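# Descriptive analysis of the structure
Letter by letter, the chains look like this.
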Amino acid sequence: MDFHEAKTMIAAASRIVGFSGAGISTESGVPDFRSPGGVWSANRTVYFQEFINNHEDRVEYWRQKVESWPEMRDAKPNQGHAAFAKLHRQGRLLGMITQNIDGLHQESGLPDEMVIELHGTTRVASCLDCGQRIPMDEAARRVREGDLTPLCETCGGFLKPATVSFGQSMPVAAMDRAWRLCQECEIFIAVGSSLVVEPAASFPA
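Now for a description of the structure that goes with this document. As a convention, each chain's residues are numbered from 1 in the sequence order in which they are written. Residue-level local features of this predicted model are given only where pLDDT is at least 70; pairs of side-chain atoms are given and counted only at 80 or more, and the full residue set underlies all totals for whole chains, interfaces and linings. Side-chain metrics rest on all non-hydrogen atoms present in the structure, leaving aside hydrogens and water.

## Regarding the overall build of the chain
Counted only if it meets this: Going along the chain from the N terminus, every DSSP run of H or I of four or more residues is numbered as a helix, and every run of E of two or more is numbered as a strand. Note on method: radius of gyration uses C-alpha positions; expected globular size equals 2.2 Å times residues raised to 0.38. For every residue, the accessible area obtained with a 1.4 Å probe (protein chains only) is divided by the maximum for its type, and the residue is called buried under 20%, exposed over 50%, and partly exposed between those limits.
What the chain contains, in helices and strands, is eight helices and seven strands. Taken over the C-alpha trace, the chain has a radius of gyration of 18 Å; the compact-globule value for 205 residues is 17 Å, and the two agree within 12%. Referenced to the eigenvectors of the C-alpha coordinate spread, the extents of the chain come out at roughly 55 × 35 × 30 Å. The buried share of the chain, reckoned over its 205 residues, is 43%.

If you want it as structure tokens, here you go:
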């Protein structure tokens, strides 16, 4: 299929599902993961069980998140995000499935309920025990002021950015909703993903 055939199919479709990976946000200044200079080349991966079980790993995890937060917080949607927002305004987008944690689809104009964030969001930190959420700005401020592994002020549980870490279970409800959308759509548009991370890599098929 060439570009013009794809364009014609998209123009004729009324039930479209979008899927995005880190590559859609690189033009907005958000680093991807696998490229040279990406997140994984510059930082040690802290697995979920390491975060839970080891104070030093929690310190390292929060150091990485606070260091990268201003860049992600200040990023703005680009034309890729805007294209999906346009499909929504036309009433042709069933939903937007994303592996991204930057919230840029919502900033582009997609309602929260339209976006399925498979890996969560870095815009807030949540308590692993009671689920209480606070803005990431507040959590980052606490870390910068010396609270290197912030705890929930409601129950004392571990606070963690509301993202899915390696070794952490995928959100069941979000995965189920994404599978349903894939079965309902006429056109599935994948942008900015290497499509090698399962189970999301199977969505196009």
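Now that the structure has been shown, we can carry on.
## Here we look at the side chain of Thr 163
Going by this rule: The term polar contact refers here to a pair of N or O atoms within 3.5 Å; inside protein, the definition further demands a hydrogen-donor-capable atom paired with an acceptor-capable atom, and it admits residues adjacent in sequence only when both atoms are side-chain atoms. Contacts between residues were defined by any pair of non-hydrogen atoms, one from each residue, lying within 4.5 Å.
Here Thr 163 shows up in strand S6 (residues 159-163). Only 3.4 Å separates the side chain of Thr 163 from the side chain of Tyr 61, close enough to count as a polar contact. With sequence-adjacent residues up to four places away left out, Thr 163 is seen in contact with Tyr 61, Lys 65, Ile 101, His 119, Gly 120, Thr 121, Thr 122 and Gln 168.

## Some words on helix H7 (residues 136-144)
Counted only if it meets this: Arc definition: it is the arc formed by the directions from the helix axis to the C-beta atoms.
Turning to H7, its buried residues number three or more, namely Met 136, Ala 139, Ala 140, Arg 142 and Val 143. The buried residues of H7 all sit within an arc of 160 degrees when viewed along its axis, so they share a single face. Where H7 ends, the next residue or the one after it, Gly 146, has phi of about 115 degrees, a positive value.

## Some words on the packing of aromatic side chains
The test is simple: When the centres of two rings from Phe, Tyr and Trp lie within 6.5 Å, Trp using its six-membered ring, the rings pair. Their planes under 30 degrees apart give stacked, over 60 give edge-to-face, and anything left gives tilted.
With the rule as written, the count across this model stands at six aromatic pairs. Aromatic side chains Trp 179 and Phe 203 sit 4.5 Å apart centroid to centroid with 75 degrees between the ring planes, which places their arrangement in the edge-to-face category. One end of the pair, Trp 179, is in helix H8 (residues 172-184); the other, Phe 203, is in the segment after strand S7 (187-191), and 24 residues separate them in sequence.

## Quick notes on the pattern of salt bridges
Rule in force here: Basic side-chain nitrogens of Lys or Arg form a salt bridge, by our definition, when they fall within 4 Å of a carboxyl oxygen of Asp or Glu.
Throughout the structure, instances matching the rule amount to 10 salt bridges. For Glu 107, the salt bridge goes to Arg 123, with nearest N and O atoms at 3.1 Å. Placement of Glu 107 in helix H6 (residues 104-107) and of Arg 123 in strand S4 (residues 120-127) is noted, with a sequence separation of 16 residues between them. A relative accessible area of 38% places Glu 107 in the partly exposed class. According to the relative accessible area criterion, Arg 123 is partly exposed, its value standing at 23%. The partner of Arg 142 in a salt bridge is Asp 147, and the shortest N-O contact between them spans 3.1 Å. A residue is classified by how much of its surface remains accessible, and Asp 147, at 29% relative accessible area, is partly exposed. Three or more residues are tied together by salt bridges with common partners; here these are Glu 60, Arg 63 and Glu 67.

## Some remarks on the sheet that holds S7
Note the threshold: We treat two strands as partners when DSSP finds at least two bridges between them. For helices, the fitted axis covers only the stretch in contact; all axes are lines through C-alpha atoms, and the angles between them, taken along N-to-C directions, range from 0 to 180 degrees.
A sheet is described by the order of its strands in space; here four strands give the open sequence S3-S2-S1-S7, paired in parallel fashion. Of all strands in the sheet, those bounded by a partner on one side alone are strand S3 (115-117) and S7. Across the sheet, the axes of successive neighbouring strands diverge by a mean angle of 15 degrees, strand direction being ignored. Pairing analysis gives five bridges linking strand S1 (residues 16-20) to strand S2 (residues 93-98), with the strands arranged parallel. Across the sheet, the residue bridging to Ile 16 is Leu 93, located in S2.

## Things to note about the pairing of S6
Of all the five residues making up S6, five are buried; the element is thus mostly covered by neighbouring parts of the structure. Examined bridge by bridge, S4 and S6 share four bridges and lie antiparallel to one another. Each bridged residue has a counterpart across the sheet, and for Ser 126 the counterpart in S6 is Lys 160.

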